[in-house]
Structure formats: C-alpha cells, structure tokens
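Structural description and commentary
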Amino acid sequence: MKKKKNTFTVIRDLTTGYRKMGVFILVVMVLAAFTEALGLGMVLPVLSHLMNPEVPQTGAMGALDKVLTFFPAEYRVELQLGILLAAFWLKNILAAALRGLNAHFTFKLREIWSSQLLFRYLRLEYAQALESKQGVLLQNAIAEPLRVAKSFIIFLNLLAKLILGVAIAAVLLVVDWKVTLVLTFVAFTSFLLINKVLYTYSLRFGRKRLAIDQQANFIGMESLGSIKEVKALGLEKRYRNLLTEQLVLSRKIFTKFSILNHMPENLIEVLAVTSVVGIIFFVQYTGIYDVGNMLAKMGFFIIAGQKMFSCVSFVLAQRMKFAATIPGMFLIHDVIFHPQEMEDLSSGESFQSMEQGIKLEHVGFSYRTGAPVLQDFSMEIPVNKMTAVIGPSGAGKSTIADLLLGLYHPQEGRITVDGRSLSDYSLNSWRKKVGYVGQEPVIFNASVRENILAGKPGASEEEMIQAARIARIHDFVLTLPQGYDTVVGDKGAKLSGGQRQRVVIARVMIRDPELFIFDEATSALDKETEAEITAAMEDLAGRRTLVVIAHRLSTIKKADHVYDLSEA
Ligand SMILES: Nc1ncnc2c1ncn2[C@@H]1O[C@H](COP(=O)(O)OP(=O)(O)OP(=O)(O)O)[C@@H](O)[C@H]1O
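Residues numbered from 1 in each chain as written. Predicted model: local features only at pLDDT ≥ 70, side-chain atom pairs only at ≥ 80, totals over all residues. Heavy atoms only, no water.

Counted only if it meets this: UniProt positions are given in the numbering used here, feature names are shortened, and annotations may be inferred rather than shown by experiment.
Going by the annotation in an unreviewed UniProt entry, the name recorded for the protein chain is ABC transporter related, with Desulfatibacillum aliphaticivorans given as the source organism. Quoted verbatim from the Subcellular location (unreviewed entry) heading of the UniProt record, the comment on the protein chain is "Cell membrane".

Printed below as a string of structure tokens:
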C-alpha cells in the first residue's frame, strides 16, 4: 500500500540519519533561550539586592536566595554575581555552538539531497531526461535543497520558541492560574485563527516562488548555454526581458509575503495595546476600580502577556517561512523517495566481451509520441568489422545508435550480442564496452588532458598520448601554448569543430571499447578534417567493431557492410 504523504512523513524521511542531530540542536536552542532569559532576568534583581541586601527577594530571586542560604553569608554576593556571569557565559557559548551546529546540519542535509538529486536526474530514463528542462532540474538539485535545509532550522527554532512559550505559561500558571488561562486561551485562539489563513497563503506563495525560480534558472541557463546563437540571432534583449518578467513576479510575491510574514506581529501588538487601553478607559469611566491600583496589578501580566504574544507571533512568522518551503520539500522528497523512470544500470549479468557480433532481430520501435521509426528491422553487426548505416534524414539512423547504447529499448523484436539478448546484461557493463561519438562533440571547459582523461580517469600519460595519436590530435595538441594542459573554453570554444571531434574520439579511444558507434561524426566537418577522422576510424577497422552512421559515402567507403535505411 502506498504510504500517505504529509509534511510530517516528508520531514521524517528527509532527515533519516540526522534526526538525533536535529533533536540535539533543539535541546541546545532551548537551553540557550533559557540561559538568556535567566541571565537577563537576573541583572536587575541582583543589582537591587546588592544595593539593598535587607529587602527580601521575591519570585525566582527569592528561590535563589533560599538556595544561597546554604552557603556562608559572606560569599552570597560573589555567588550571585558568579551565577549571573555563568548564565551570560553559557548563553554566549551556546549561541556560538548553535551557529556552528545549525550550519553543519543545514549544509549536511543540503549535501546529501543535492548530490542525490543530481545523481537521480542523471540516472533518469533518457526519454524522461529529454523531456525535462535542464534549468529546472538545476534549480531543483542545487538551489532548493539549501533553501529547504535552512527551513529545517527555522522549524527547530519554532519548536524551541514553543517550548519557551509553554515554560512561560507554566510559570505564570503558578503565579495566577486564572489570568494565565485567559491569556493562554486568547493567545491560542489568535494563533489558530491567523495560522490557518496564513498557512494556506504561504503554501501558495511557496509554489509560485518555486515555479518562478525554476523558470528564471531555465532562462538563464538556456541563454548562456547557447551564447553564440543568442548573439547571432540578436536574442540578448529577448532573454533579458524573459528573465525580467520572472524577476518582476518574484519581487511582487516576495514584497507581499514580507508584509504578511510580519503581519501577526503587528496585528497582535496592536490588538494587545488596544485591549489594555480599552480596559483602562473602561475602568476610568465606570470607576469600578482605582486605575492606579489596577495598573500595578496588571503590570506583571502585561509584561508576561507581551512575552507570550511575542512567542505566538514569532511562531506564526516562522511557520509561514517554513510553510513556504514545503513545496520544495515535497519536490526533493519525490525525487529521492519516489524516483520515476530511473535507468537500471546494474541489474543483469556483467558483459565481458564480444566474440561474434550484434544482431538486431525484427526490431520495432517508436518514440512515445510518434509514428513507428523502425518496423521489423533486422541488421547484423559482425565483430571487428565496419558496418555502415546510411539513409535519409529522419529514417531512424540515430535511433539505431541509441538502441545500441541502451538509451532506448526495442518494443518489438530484440537486440542480441553473441546470440544473447542485450537486456540480459547490465547497462553499466555494456556501456563500458561501447564508445560513442556523436555529431555534436561534447567538450568540457577544462584542459585537453582532462577532456581526454574523462574517458578513463586515472589513465597514464602514455595511454592518453596513445589515444590522442589514434584520434590524430596529438600533433595539434603539441602546438597549443600549454600542450595538453591548455584549457579549451566553454564547450571547447577555442578549438575548431574538427579538433573538438578528435578530442572526443581520443576520449573514447582511451576507454578502449569493443564497439565504436560513430553517429555522423564527420558530417559537420570539411573534407580534409573528415578525411583525418575517417582515417582514424579506418585504423580501428579489423581490430574493433564499428558502426558508422554517415551521410557522405566517402566516410564509409571501407565499410564491410552497408545498411541503407531508405530501403528498409
Ligand atoms: N526523442 C525523440 N522523441 C520523439 N521523436 C523522436 C525523437 N528522436 C527522434 N525522433 C523522431 O524519430 C525519427 C527518426 O529520428 P532519427 O534521429 O533516428 O533520424 P536520423 O535518420 O538519425 O536523422 P538525421 O539524419 O536527420 O539525423 C524522426 O522522425 C524524429 O523526428
């Protein structure tokens, strides 16, 4: 049965392993609040006691005095001052510890959630990943976890304040239970009344805030990610305006939220003062009591009431802030605890090596939203041969490459390796043996060395140079100012298209895969560069299994078999 999800279960799941730390922080928060109250509360009584030692102390100081009678009278002042000092020291030590604990707790949770989210997004089924906006996923994985983790500290603060409020109420109960009950009743009902309205509003605000931030991030990422096209098409203003639209919305909802967030505080204060003034007026005009006498009695409760109401308004304000992050919290929880359509990389047998080759047997495949791309399609890819696939645009050539990579699975028929279904093997072990080079070379903004070694982290210098030689890029790299340590810019902007492609090929080479898939790896290149890359491919023929998808026949003139999809 599916577990019912509410805020409580979401918090519980997300803090698994860190709940004890949360409780510890709560205890420190409460202690810090009490030592602060004790320290501040002691200043005046201690001073007045020092000035008039004869006047007996009342309340807490009276109790303290009783304790101190066990000690010699001549040290009593020193003891009182000592306790006062200890309270302030402790309060400040706890405050410093709390800051450290809060930061550790917040960033630990953020660390866990952020890395899990990114990992899960990277492990999404390919089709699902293609449907998601990268900017949105980035916002979810990087910004939201920190916001939500911070709100957990808000939540703990809220609990600490509640505990303090209950403690104040308990003390007042001892002093005068009737007035305390009335005060508690008023505080509690005003909390309930305001809470319901503001909670619903905060949730709505939280949802809007999340959507706006996701959209803003998406706009930023899309525009910066395609800066060349943005410049070429003159889209700078369009993107600025799109972002501004979101920022305006953000400003509006945040302004409203800030006002409403402190509304309880203002409202309660105004209501409290109005009631006190009202009572005084009433008393004065009716003459039931002597105003001066009554005020003296009310003094204590005015202060106590103010403390309780400030507790209530603090709790309300913090609860609003907390509620506003609940949508983000649910989002993180959904991704971590209800992962959808994740790729299963490890189930299945570990693929070792290929002896005979691959077969596509009566494969039928269509994308979720489209007509069939492949129907009853069969093809053989013998080991250590070059098999070429040609055909018109949209015929399904790249789809074949994606099926071979295990990014998609045939809906009909099957793909076999040495007679066994590809789905028997774990994707992880299979992909280790496949080297894929696409039309768009993906280069990281790092050195040539790091770009090549990404294919096999920890590989030796010799392995790297060997791979670069096969990819026919080694001689060029040596001409770069810092050789292999030259940083190539965003998306390899400092390299030509052909050079980028060869760095990618070197990255694939260093993995030494059994099967190479070149998906139109040369179609964007000039004849000379194409010849270089084709030569690199041909070097592999006879030693490795190659699937070459091409437009130009020149790329595949040495192919052992050619499949023409226009005939399929
Ligand atoms: N992710 C996708 N979702 C839906 N339809 C898709 C997707 N990818 C490709 N298609 C559709 O599947 C068909 C085959 O696409 P594919 O990329 O395999 O063709 P291709 O032969 O490689 O074309 P080209 O030579 O232009 O690269 C096309 O009609 C395309 O619109």
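From this point, the discussion proceeds with the structure in view.
1. A few points about the packing of helix α1 (residues 7-14) against helix α11 (residues 326-337)
The condition that has to hold: Axis lines are fitted through C-alpha atoms, for helices just across the contact stretch, and the angle between N-to-C directions can take any value from 0 to 180 degrees. Helix numbers and strand numbers start at the N terminus; a helix is a DSSP run of H or I with at least 4 residues, a strand a run of E with at least 2. Each angle gets one of four labels, with under 35 degrees taken as roughly parallel, over 145 as roughly antiparallel, 65 to 115 as roughly perpendicular, and the rest as oblique. A clockwise turn of the near helix away from the far one marks a right-handed crossing, whereas an anticlockwise turn of less than a right angle marks a left-handed crossing. Contact between two residues is taken to exist if any of their heavy atoms lie within 4.5 Å; hydrogens are not considered.
Running from N to C, α1 and α11 cross one another at 55 degrees; their axes reach a closest spacing of 10 Å. Our classification of the angle between α1 and α11 gives oblique. Between α1 and α11 lies a crossing whose hand is left-handed. On α11, the residues touching T7, T9, V10, I11, D13 and L14 of α1 are I326, M329, F330, I332, H333, I336 and F337.

2. Quick word on the environment of S460
Counted only if it meets this: When accessible area is computed with a 1.4 Å probe and restricted to protein chains, residues below 20% of their type maximum are described as buried, those above 50% as exposed, and intermediate ones as partly exposed.
Among the secondary structure elements, S460 is positioned in the loop between α14 (448-453) and α15 (461-470). The class of S460 is partly exposed, set by a relative accessible area of 28%. Separated by 50 residues in sequence, S460 and I510 place their C-alpha atoms 9.9 Å apart.

3. Digging into the side chain of S447
Let me state the cut-off plainly: Here a polar contact means two N or O atoms within 3.5 Å. Within protein one must be a hydrogen donor candidate and the other an acceptor candidate, and residues neighboring in sequence count only if both atoms are side-chain atoms.
Inspection of the secondary structure assignment puts S447 in the loop between β6 (434-437) and α14. Overall, S447 belongs to the buried group, its relative accessible area being 5%. At 3.0 Å, the side chain of S447 forms a polar contact with the side chain of E450. Look past the residues within four positions of S447 in its chain and what remains in contact with it is Y484, D485, T486 and V487.

4. Some details on the nonpolar core
The condition is simple: The term nonpolar core refers to a set of buried residues drawn from Ala, Val, Leu, Ile, Met, Phe, Trp, Tyr and Cys, joined through side-chain atoms within 4.5 Å.
Counting residues in hydrophobic clusters, the biggest one holds 38 residues, and the most contacted among them are I452, F518, L546 and V548. Where this core is concerned, the elements lending two or more residues are β3 (386-390), α14, α15, α17 (497-509), β7 (515-519), α18 (527-540) and β8 (545-549). Broken down by element, this core gets its largest block of residues, 6 residues, from α17. Core analysis: the second largest hydrophobic core is formed by 36 residues, Y121, A323, V335 and I336 among them.

5. Considering the site of the ligand
Applicable threshold: Whether a residue is near a molecule or strand depends on its heavy atoms: if one lies within 4 Å, it is near. For every accessible area listed, the method is Shrake-Rupley and the probe measures 1.4 Å; residues are considered covered only by the protein chains on display. Classification convention: Asp, Glu, Lys, Arg as charged; Ala, Val, Leu, Ile, Met, Phe, Trp, Tyr, Cys, Pro as nonpolar; all other residues, Gly among them, as polar.
Every one of the 14 residues lining the ligand counts as a neighbour, but S393, G394, K397, S398 and T399 are closest to it. Here an oxygen atom of the ligand sits 2.9 Å away from a polar atom, N or O, in the main chain of G396. The separation between an oxygen atom of the ligand and a polar side-chain atom of K397 is 2.8 Å. Across the complex, the protein chains shield 61% of the 630 Å² of accessible surface that the ligand would expose by itself. Considered class by class, the residues forming the shell around the ligand number 6 nonpolar, 6 polar and 2 charged.

6. A word on the sheet that holds strand β2 (residues 372-382)
We apply this condition: Pairing between two strands requires that DSSP report at least two bridges joining them.
Overall, antiparallel pairing links the 4 strands, which are arranged β2-β1-β4-β5 in an open sheet. A single partner strand is all that each edge strand has here, and the edge strands are β2 and β5 (420-421).

7. Looking at the UniProt feature "transmembrane region" (unreviewed entry) in the protein chain
UniProt tags residues 21-44, 79-101, 152-175, 181-199, 266-286 and 298-317 as "transmembrane region" (unreviewed entry). Within residues 79-101, the helical portion is 100% and the strand portion 0%, while the C-alpha atoms at the span's ends are 32 Å from each other. For residues 181-199, helix accounts for 100% and strand for 0%, while the C-alpha atoms at its two ends are 26 Å apart.

8. A look at α17
Selection rule: Expected span of a helix: the number of residues minus one, times 1.5 Å.
Its 13 residues give α17 an end-to-end C-alpha distance of 18 Å, which sits within 8% of 18 Å, the value for a rise of 1.5 Å per residue. The buried count for α17 comes to 11 of 13 residues, which makes it a mostly enclosed element. Listed as buried for α17 are G498, Q499, Q501, R502, V503, V504, I505, A506, R507, V508 and M509. Along its buried surface, α17 packs onto β6, α14, α15, α16 (474-479), β7 and α18.

9. Quick word on empty space enclosed by the protein
Threshold: A 1.4 Å probe that fits into a set of points on a 1 Å grid over the protein atoms alone but cannot get out defines a cavity; an open set with protein on both sides within 12 Å along at least five of seven lines defines a pocket, and lining residues are those with an atom within 4 Å of a point. Grid points are joined across faces, edges and corners, and a volume is the space filled by probe spheres set on the points.
For the coordinates displayed, the defined rule picks out 1 cavity of 30 Å³ or more. Its volume calculated, the largest cavity comes out at about 40 Å³. Taken together, the residues of the lining of the largest cavity sort by class into 6 nonpolar, 4 polar and 2 charged.

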